Every structure is written in C-alpha cells, then in structure tokens.
Amino acid sequence: MALRFSLGSARQWHWISGAITLVGMAMFAITGITLNHAADIPGQHQVVTIEAPIAAPLLAQLKRLPEGDVVLPARLRDYFQTTHEVTIAADQRGQWDGIEFYLAMARPGGDAWLAIDAELGEFIYEGTDRGWIAYFNDLHKGRDTGSAWRWFLDIFSVACLVFCITGLQLLLKQSQHRAMTWPVTALGVVIPTVLLLVFV
C-alpha cells in the first residue's frame, strides 16, 4: 500500500527535516564554496616534529609483539600521551617488522605519523595541522572521519531527501495558485544541465 501524505503531514515533515538539517546544510554549502576555491585560499600548515629516545623497558614491550599489523601496548600509548602529548587511539594499528614500527594517523584537517626504531631506541613523530578550513572541508568529504561521522552523513542525507521530497509535495499543492512554480523549478534542472553540456 502506497504511503500518502496529506498537505498537513507534508508541511510537518518538511519543517522537521528542515530544522534537523539546517545547520548541516549551511555547513555543507559553505564548505562547498571553500572546496571549490581551495586553490585560492592560502594554506595554514603547522608541522610539529618530535625526535626522542625511548626507555628500554618500553621497547621491550614492543619487541614482544608479533610481526605484522599490531596495536601498541597501553604503556607505550600512555608514554606518548603523558610525555609528548601524542594521542594514539587504543584501536589504531600500525606495522611492526621486528625492528621498526610505523603508524599513520590521518585525521580531518591534518595527518600524522609515528616511527619507532627498536634498534636505535628512538622514535620520530610528525604531525601536520592544515587549519580549520581544511578541517571542515574534510568533514564535507568524509575524509578520515571514522565510522560515526560516516553514519551521520548517511542519516543526514536521508533527512535532506525528506526535506526535498516534502518540498516537492508542497510545490505540487501550491502550483495551482502560483503560475511560476514549475518554470522556476525547471530552472534548477536546466541551468546545471546547460553548464555541464556547454562549459564542462
């Protein structure tokens, strides 16, 4: 049985979905502009590099790990956090070959990497912060944002579709009283189509 909405329920769902997606749509509209003009916006790169020795007891914990895809022991993660303010999530996995451990830590608006040399007993960390604009641009793209943000993007997109569909229902109801409804609506299809066919 087809689901049919009355004008009242269409209005209700339209304002509810609009209220839910208002801030998100504004953010995606703004970051659409910043992404479109990324080459014109000066970068704000800040790079932090740390090179330091690691105590033998901590290295011993690393050496006990099997080679391959591994998670750093909790004591090592605590050491990096408390001593060098380098945060490593408990589920972040890196590559260990018995001599060197390498961990890539990509994140929105920046990235970082950590390398531990067990023979030399030292590590190198490099973190790059590309600024707030890059951060929100990466949120727009869902780049290195994790599963929670990807779920949010999917749910947000469904809410936007509800907003559009109920908006179309309201246009259908109001078109009898507003002669310009469909010509103006058609412009939303014609303009991007012409641009794509002629200029892209």
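Heads up: the structure comes first, above all this text.
Per chain, the residues get numbers from 1 upward, laid out in the order the sequence is written. Only residues with pLDDT of at least 70 get local features here, since the model is predicted, and only at 80 or more are side-chain atom pairs given and counted; chain-wide, interface and lining totals rely on the full set of residues. Side-chain numbers here rest on the full set of heavy atoms in the structure, without hydrogens or water.

Participant: Would you mind showing me how to read the pattern of salt bridges here?
Facilitator: Two side chains of opposite charge can pair, provided their charged atoms sit close to one another. Any carboxyl oxygen of Asp or Glu that lies within 4 Å of a side-chain nitrogen of Lys or Arg is treated as forming a salt bridge with it. Summed over the entire model, instances satisfying the criterion amount to six salt bridges. Note that Asp-138 and Arg-143 form a salt bridge whose closest N and O atoms lie 3.0 Å from each other. Between Arg-143 and Asp-144 there is a salt bridge whose closest N-O contact spans 3.5 Å. Residue class for Arg-143 comes out partly exposed when judged on its relative accessible area of 29%. For the exposure calls, accessible area comes from a 1.4 Å probe over protein chains only, and a residue counts as buried if that area is under 20% of its type's maximum, exposed if over 50%, partly exposed in between. Judged by its relative accessible area of 37%, Asp-144 falls in the partly exposed class. Because the salt bridges share partners, they merge into one network encompassing Asp-111, Arg-130, Asp-138, Lys-141, Arg-143 and Asp-144.

Participant: What exactly am I supposed to notice about the nonpolar core here?
Facilitator: Proteins that are soluble and globular tend to have nonpolar side chains buried together. Grouping buried Ala, Val, Leu, Ile, Met, Phe, Trp, Tyr and Cys residues that are joined through side-chain atoms within 4.5 Å yields what is termed a nonpolar core. Within the largest apolar cluster, 23 residues are counted, with the highest numbers of intra-cluster contacts made by Ile-54, Leu-72, Phe-80, Leu-114, Ile-116 and Phe-123. Mapped by element, the contributors of at least two residues to this core are strand 1 (46-53), helix 2 (56-63), helix 3 (74-84), strand 4 (100-104), strand 5 (110-117) and strand 6 (122-129). Contacts are assigned to residue pairs with any non-hydrogen atoms lying within 4.5 Å of each other. Each residue touching Leu-72, except ones within four places of it in the same chain, is listed here: Leu-62, Arg-77, Phe-80, Ile-88, Phe-101, Leu-114 and Ile-116. In terms of nonpolar packing, the next biggest core, distinct from the first, is built from six residues, Met-27, Leu-139, Leu-153 and Cys-160 among them. Put simply, DSSP marks the helices as runs of H or I at least four residues long and the strands as runs of E at least two long, and each gets a number from the N terminus on.

Participant: When you look at the packing of aromatic side chains in this model, what are you seeing that I'm missing?
Facilitator: Note on aromatic pairs: each is described by the distance of the centres and the angle between the planes. Centre distance within 6.5 Å is the pairing criterion for rings of Phe, Tyr and Trp, where only the six-membered ring of Trp is used; planes under 30 degrees apart are then read as stacked, over 60 as edge-to-face, and the remainder as tilted. Across all of its chains, the model carries ten aromatic pairs by this definition. When the centroid spacing of 5.3 Å and the interplanar angle of 85 degrees are considered together, the rings of Tyr-135 and Phe-136 count as edge-to-face. Given a relative accessible area of 30%, Tyr-135 falls into the partly exposed group. An aromatic cluster is built from Phe-28, Trp-149, Phe-152 and Phe-156, whose rings are joined through pairwise contacts.

Participant: I would appreciate a short explanation of the pairing of strand 4 in the present structure.
Facilitator: Two faces make up the sheet, and in a regular strand the side chains alternate between them. The side-chain alternation of strand 4 yields one buried face, formed by Phe-101 and Leu-103, and one unburied face, formed by Glu-100, Tyr-102 and Ala-104. Paired strands, as defined in this entry, are two strands with at least two bridges between them according to DSSP. Where strand 3 (residues 93-96) and strand 4 come together, two bridges link them in antiparallel fashion. Bridge pairing in strand 4 places Gln-95 opposite Tyr-102. Where strand 3 folds back onto strand 4 in an antiparallel hairpin, the turn is made up of three residues, including Gly-98, whose phi is positive at roughly 95 degrees. Bridge analysis of strand 4 against strand 5 gives five bridges, and the strand direction is antiparallel. Within strand 5, the position partnered with Glu-100 by the bridge is Asp-117.

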